[in-house]
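Chain residues, written in single-letter form:
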Amino acid sequence: MNENFYITTAIDYVNGKAHIGHAFEKIITDVIYRHFKQRCDKTMFLTGTDEHGIKIQKTAKSLNISPMELCNQNVEAFQNSWKLLDINYDKFIRTTSHEHKEIVQKIFEKLLKQGDIYKHSYKGLYCNGCECFLNEKDLTEDGLCPNHLTKPEVVEEENYFFKLTKYKDAIINHIKSNPDFIIPSFRANEVLNQLENIEDISVSRSINNVSWGIPVLSDDSQIIYVWIDALSNYITALGYDPDKEEQNETFTTFWPASCQVIGKDILKFHSIYWIALLMALDLPLPKHILAHGWITIDETKMSKSLGNVLSPENILKSFELQKPDAFRYYISSCANCGKDGNYSDIDFKEKVNADLANNMGNLLNRSLNILVKYFDGEIKDEFIVEDEIIKTAKKTVNKVVENFDKFQVAEAAFEIMTLLNAANKYINDKAPWSLSKNGDLTQAGVVLYNVFEVMRYVSVLIYPYCPNIASNIAKQLKTNINIKLYDLDKNNIKAGKIITKDEITPVFLRLDSEFAQNKK
Ligand code: ME8
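Enquirer: Hey, could you run me through the overall build of the protein chain in this one?
Expert: For the protein chain, the helix and strand inventory stands at 19 helices and 18 strands. For 520 residues, the compact-globule formula gives about 24 Å, and the C-alpha radius of gyration of the protein chain, at 26 Å, lands near that figure. Judged by the C-alpha coordinates and their principal axes, the protein chain covers about 90 × 50 × 40 Å. Taken across its 520 residues, the protein chain has 58% of its residues classed as buried. Put simply, 77% of the contacts in the protein chain that link residues at least 6 apart link residues at least 24 apart. Looking at the protein chain as shown, the accessible area adds up to about 22,400 Å², and 47% of this sits on carbon and sulfur atoms.

Have a look at this one:
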């Protein structure tokens, strides 16, 4: 595959810090991105922060600091979290940046000029948590927002409106004729139902009610609706300019996005509002929208009031993990595509001990030790004979690729573990330790070669999830981790000395059970 690959995440509100739900989204996006880097030549990964709106304005006020101070503090905290988790984005967009604000204003003016935006008096119920108007029928029996369980504010203003209804049929048509546009596909029906009752949407707020935002260029009494501001980030970050006939090279290389990763709660904004905006701007539509599920902790929804909000820092610290690989692996395997997932300390420990320490680490460690013990760490020419297990490894590459084509991150990880299970069975059945003791040295060497080859495949396949562990495996095998997937079978391990006794290190140490109890 040589196609260019552009992937984006939702941009996080900065009224708080990153928790493991945010981390889940950024990690699965990073895993997908690193995988496609192993297949494509030009790739781009965008993330960032959503810094305007009433929610940020009110939080800053309650803390007695300016909204900009709040944004700066929390943006730094988000960026530190992503660094800790080895999130390898190419660009981080802040919606308070000058470049972004200027383009959002131009987009608004363009839509106003072409009649897609018009002025209208309006009375509605606004939920500050969702940053959107709600209909009476969406509320709970007590008149509360179903997501935030707070009473929406009655807002009566003269606002600008976007002609969403004009694009309704085109959006329905696009969703119906592209069954893999919304992933997972069961969410497409939800969107089609929402589209049935769609109305034009308010896209500005009076500056008297919301001051923290981007002013409408031609009317400074109005602030551009935070979702219009936020959704535009995916193209402002590429340097899109609505006033230019010809766009710059970054934009033409990467737009339309290959995959836009977001949570299920904001699918409506991305599959309806965002798509209508792109249609109005006459821009091509993203190829896929991946709506992931939500992460709970011990099967309970995270909430400040319950005091169960966990940060990625909490977890790495309580298990004394220097590198994020184990958490990255666990969280990206904990939910099948689009489904909700759960974090629990016990489950985390059991899963990474079983998969990373035993299944993967032990297999490598004991095979390398046998190679040192009987062959002084050297692969001999006569060991290079492919057994069935290498075919299984090659088939696993195809299965992993097929899963990633559908953005099935957990399912792809499962295939890699299945290969490791097969390799463990292979070494146990062949028992190279007995073969060596009984003098069948060549046969023992063949088994070791096959295990190392499988480990070479595994290192490259697991790299998107566990970049540090994968690099360590490749270092011990003296193989190349920076290799395209289609070159894997041309780069097999060659005859020669690969390792000495003191170079063998465990790639992942079992998590000690007492760490989990020191938590919180
Ligand atoms: O919605 N599990 O920001 P946000 C999994 N600024 N994902 C979760 C989660 C959880 N428990 N909690 C939140 C916004 N998320 C807007 C986006 S995009 C133009 C603007 C996900 O900080 C959530 O689904 O509330 C969303 O995709 C992302 O974190 C940011 O959420």
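Enquirer: Please explain the site of the ligand as it appears in this structure.
Expert: Taken together, 24 residues lie near the ligand, and Ile 11, Glu 25, Asp 50, Asp 265 and Ile 295 sit nearest. Separating a nitrogen atom of the ligand from a side-chain N or O atom of Asp 50 is a distance of 2.7 Å. Residue Ile 295 places a main-chain N or O atom 2.9 Å away from a nitrogen atom belonging to the ligand. Counting residues per element, the ones that place at least two in the shell around the ligand are β2 (12-13), α1 (20-37), α7 (226-231), α8 (233-236) and β13 (259-263). Tallied by class, residues from the shell around the ligand come to 12 nonpolar, 8 polar and 4 charged.

Enquirer: Could you clarify how one ought to interpret the side chain of Gln 57 in this entry?
Expert: Tracing the sequence through the fold places Gln 57 in helix α2 (residues 54-63). Setting aside residues no more than four positions away along its own chain, Gln 57 makes contact with Asn 209, Val 210, Ser 211 and Trp 212.

Enquirer: What am I meant to see in the nonpolar core here?
Expert: Nonpolar side chains tend to gather and get buried jointly when the protein is soluble and globular. Core analysis: the largest hydrophobic core is formed by 111 residues, its most contacted members being Phe 327, Phe 348, Leu 356, Ile 462 and Tyr 465. In terms of residues, this core owes the most to one element, helix α17 (residues 441-462), which gives 13 residues. Counting 76 residues, the second largest nonpolar core, distinct from the first, contains Met 44, Cys 130, Cys 145 and Tyr 234.

Enquirer: Where do I start with the side chain of Ser 367 in this structure?
Expert: The residue Ser 367 is located in helix α13 (residues 345-375) in this model. Classification of Ser 367 as buried rests on a relative accessible area of 0%. In this structure the side chain of Ser 367 is engaged in a polar contact, spanning 2.5 Å, whose partner is the backbone oxygen of Leu 363. Contacts of Ser 367, omitting those with residues within four sequence positions, involve Ile 427, Leu 448, Val 451 and Phe 452.

Enquirer: What's the story with the environment of Gln 114 in this structure? I'm lost.
Expert: Checked against the element boundaries, Gln 114 lands in the loop between α4 (98-113) and β5 (117-127). For Gln 114, a relative accessible area of 36% puts it in the partly exposed group. Gln 114 sits 162 residues away from Ala 276 along the chain, and the two C-alpha atoms are 14 Å apart.

Enquirer: Before we go on, may I ask you to explain the layout of surface pockets in this structure?
Expert: Empty space among the atoms can be located by rolling a probe the size of a water molecule over them. Considered as a void within the structure, the second largest pocket measures approximately 290 Å³ in volume. Lining the second largest pocket are 16 residues; nearest its centre among them are Leu 321, Gln 322, Lys 323, Phe 508 and Leu 509. Of all elements in the fold, only α12 (325-333) and α18 (467-477) reach the threshold of two or more residues within the lining of the second largest pocket. Of the residues assigned to the lining of the second largest pocket, the class counts are 9 nonpolar, 2 polar and 5 charged.

Conventions adopted
Residues numbered from 1 in each chain as written. Predicted model: local features only at pLDDT ≥ 70, side-chain atom pairs only at ≥ 80, totals over all residues. Heavy atoms only, no water. Helix = DSSP H or I, 4+ residues; strand = E, 2+ residues; numbered from the N terminus. Rg over C-alpha atoms; globule rule 2.2 N^0.38 Å. Buried < 20%, exposed > 50% of the residue type's maximum accessible area, 1.4 Å probe, protein only. Contact = heavy atoms within 4.5 Å. Areas by Shrake-Rupley, 256 points an atom, 1.4 Å probe, with all protein chains shown as cover. Near = heavy atom within 4 Å. Polar contact = N/O pair within 3.5 Å; in protein donor to acceptor, adjacent residues only side chain to side chain. Nonpolar A, V, L, I, M, F, W, Y, C, P; charged D, E, K, R; others polar. Core = buried A, V, L, I, M, F, W, Y, C linked by side-chain atoms within 4.5 Å. 1 Å grid on protein atoms, 1.4 Å probe; cavity = no way out; pocket = protein on both sides within 12 Å on 5 of 7 lines; lining within 4 Å. Points joined across faces, edges and corners; volume = space filled by probe spheres on them.

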